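Structure assessment
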Amino acid sequence: MMVWLRKCGDCGKYTLNRDKCPSCGGVVHVPHPAKFSPDDKYAKYRRVLKEERCNVS
Ligand SMILES: [Zn+2]
């Protein structure tokens, strides 16, 4: 199981919350560069779906 640990930019606390810090509400970010980004994976899927839709019509 992959756990994405985030770090709050305001108070510096580590959290599993992906949106904002649970203690101060600050913006959280991944403290280390990720080799694999789930966002990129979904972007690729969206691109493929778009191409397929163009070929159909
Ligand atoms: Zn915080």
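Definitions and limits used
- Residues numbered from 1 in each chain as written.
- Predicted model: local features only at pLDDT ≥ 70, side-chain atom pairs only at ≥ 80, totals over all residues.
- Pairing = 2+ DSSP bridges.
- Helix = DSSP H or I, 4+ residues; strand = E, 2+ residues; numbered from the N terminus.
- pLDDT = per-residue confidence, 0-100.
- Contact = placed C-beta atoms within 7 Å.

1. Thoughts on the sheet that holds strand E3 (residues 28-29)
The three strands lie next to each other as E2-E1-E3, forming an open sheet whose pairing is antiparallel. Each having just a single partner strand, strand E2 (14-15) and E3 make up the two edges of the open sheet.

2. Quick word on the confidence of the model for the protein chain
In this model, the protein chain carries an average pLDDT of 81, and 74% of its residues clear a pLDDT of 70 or more. Across the protein chain, element-level confidence peaks in E2 with a mean pLDDT of 94 and bottoms out in helix H1 (residues 38-56) with 72.

3. Description of the environment of Trp-4
Relative to the elements of secondary structure, Trp-4 occurs in the segment before strand E1 (6-8). Spatially, the C-alpha atoms of Trp-4 and Thr-15 are 8.9 Å apart, while their sequence positions differ by 11 residues.

4. Observations regarding the environment of Val-28
Mapped onto the fold, Val-28 is located in strand E3. In sequence terms Val-28 and Arg-6 are 22 residues apart; their C-alpha atoms lie 5.8 Å from each other. Those residues in contact with Val-28 that sit more than four places away from it in its chain are Arg-6, Lys-7, Cys-8, Gly-9, Thr-15, Asn-17, Lys-20 and Cys-21.

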